[in-house]
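Examining the three-dimensional arrangement
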Amino acid sequence: MTTPEFIRQIRASAGHQLLLLPGVTAIVFDDLGRVLLGRRSDTGQWAVVGGIAEPGEQPAETAVREVYEETAVRCVAERVVLVQMTGQITYPNGDVCQFQDITFRCRATGGEARANDHESLEVAWFEVDALPPLDPFGLERIQRALRDEPTWFEAPAELTGLAE
């Protein structure tokens with residue numbers, strides 16, 4: 001994932017301390033019901049498409065922009081699938097981040113799937129019953145995007161009976 005300039009500026013003064021960042025994930029389906037995935041250049045693993053919102057950018061705009069930047073596929077965001085705080089991530093350089101992820105179900109509207117920037121080694125459409133190995137983050141989001149359900153979020157502990 002390329003670090004946006006505004007985050008590099010924050011890191012210049014904040015150092016490696018924890019930053020809470022606005023993350024967006026796009027689960028893109030084509031007219032055949034296949035899902036769009038990219039094989040990441042940093043890990044070599046297949047993953048769903050996502051990125052960080054720019055200042056002033058609406059989350060749905062981020063989803064559409066990231067899909068095009070990474071895959072050359074045009075899409076529209078159809079609905080919010082889930083909203084979730086991810087766990088903390090410590091990058092090899094020592095930077096610590098946590099993402100507030102908003103995942104969108106998107107529909108492809110044009111373009112030819114290809115690696116469109118340096119973040120992906122390759123890009124491809126996959127049948128949902130024939131996915132390559134994916135981490136739990138991606139699998140959960142694809143499964144939830146396939147369901148016609150309300151937006152998922154983790155309920156506060158006081159609503160689930162887990163509060164002390």
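Below is a short write-up of the structure. Fair warning: this is a prediction, and the values are worked out from it, not measured in the lab. (Residues numbered from 1 in each chain as written. Predicted model: local features only at pLDDT ≥ 70, side-chain atom pairs only at ≥ 80, totals over all residues. Heavy atoms only, no water.)

Attention now moves to the overall build of the protein chain. In terms of regular secondary structure, the protein chain is built from 4 helices and 9 strands. Reading the protein chain from its N end, one meets helices and strands in the order α-β-β-β-β-α-β-β-β-β-α-β-α. Taking 15 Å as the expected radius of gyration for a compact globule of 164 residues, we find that the protein chain reaches 16 Å, a close match to that expectation. Its C-alpha atoms give the protein chain principal-axis dimensions of about 45 × 40 × 30 Å. In the protein chain, which comprises 164 residues, the share counted as buried stands at 38%. Once local pairs closer than 6 in sequence are excluded, the contacts in the protein chain between residues at least 24 apart make up 72%. Just so you have it, the protein chain exposes about 9200 Å², and 53% of that area is on carbon and sulfur atoms. Averaging the coordinates of the 14 positive side-chain charges in the protein chain and doing the same for the 26 negative ones gives two points 3 Å apart. (Helix = DSSP H or I, 4+ residues; strand = E, 2+ residues; numbered from the N terminus. Rg over C-alpha atoms; globule rule 2.2 N^0.38 Å. Buried < 20%, exposed > 50% of the residue type's maximum accessible area, 1.4 Å probe, protein only. Contact = heavy atoms within 4.5 Å. Areas by Shrake-Rupley, 256 points an atom, 1.4 Å probe, with all protein chains shown as cover. Lys, Arg positive; Asp, Glu negative; His and termini not counted. Charge placed at Lys NZ, Arg CZ, Asp CG, Glu CD.)

Here the focus is empty space enclosed by the protein. Across all of its chains, the model carries 1 cavity of 30 Å³ or more by this definition. Looking at the largest cavity, the residues that line it are Arg-79, Val-81, Arg-144, Glu-149, Pro-150 and Trp-152. Residues that form the lining of the largest cavity fall into these classes: 3 nonpolar, no polar and 3 charged. (1 Å grid on protein atoms, 1.4 Å probe; cavity = no way out; pocket = protein on both sides within 12 Å on 5 of 7 lines; lining within 4 Å. Points joined across faces, edges and corners; volume = space filled by probe spheres on them. Nonpolar A, V, L, I, M, F, W, Y, C, P; charged D, E, K, R; others polar.)

As a further point, take the side chain of Arg-141. Residue position: Arg-141 is located in helix α3 (residues 136–146). Note on Arg-141: relative accessible area 0%, which makes it buried. In terms of polar contacts, Arg-141 uses its side chain to reach the side chain of Thr-103, at 3.2 Å. Residues contacting Arg-141, with those up to four places away along its chain left out, are Thr-25, Ile-27, Val-81, Leu-82, Gln-84, Asp-101 and Thr-103. (Polar contact = N/O pair within 3.5 Å; in protein donor to acceptor, adjacent residues only side chain to side chain.)

Once their charged atoms are close, side chains differing in charge can pair, the charge on each being opposite to the other. Inspection of the entire model under this criterion finds 14 salt bridges. Salt-bridge contacts for Arg-8 lead to Glu-5; the nearest nitrogen and oxygen are separated by 3.1 Å. Residue Arg-8 and its partner Glu-5 are located together in helix α1 (residues 5–14), separated by 3 residues, close to a single helical turn. Judged by relative accessible area, which is 42%, Arg-8 ranks as partly exposed. Notably, a salt bridge pairs Asp-101 with Arg-141, separated by 3.0 Å at the nearest N-O pair. (Salt bridge = Lys/Arg side-chain N within 4 Å of Asp/Glu carboxyl O.)

Let us now look at the packing of aromatic side chains. Tallying each qualifying case throughout the model produces 1 aromatic pair. Summarising the aromatic geometry, the rings of Trp-46 and Phe-126 are spaced 5.0 Å apart at their centres and angled 80° between planes, so their arrangement reads as edge-to-face. Linking Trp-46 in strand β3 (residues 46–47) with Phe-126 in strand β8 (residues 120–126), this pair joins segments that are 80 residues apart in sequence. It is Arg-74 that lies over the ring of Tyr-68; its NZ or CZ is 3.7 Å from the centre. Arg-141 extends its terminal NZ or CZ atom over the ring of Phe-137, reaching a point 3.6 Å from the ring centre. (Phe/Tyr/Trp six-rings, centres within 6.5 Å; stacked < 30°, edge-to-face > 60°. Lys NZ or Arg CZ within 6 Å of the ring centre and 35° of its normal.)

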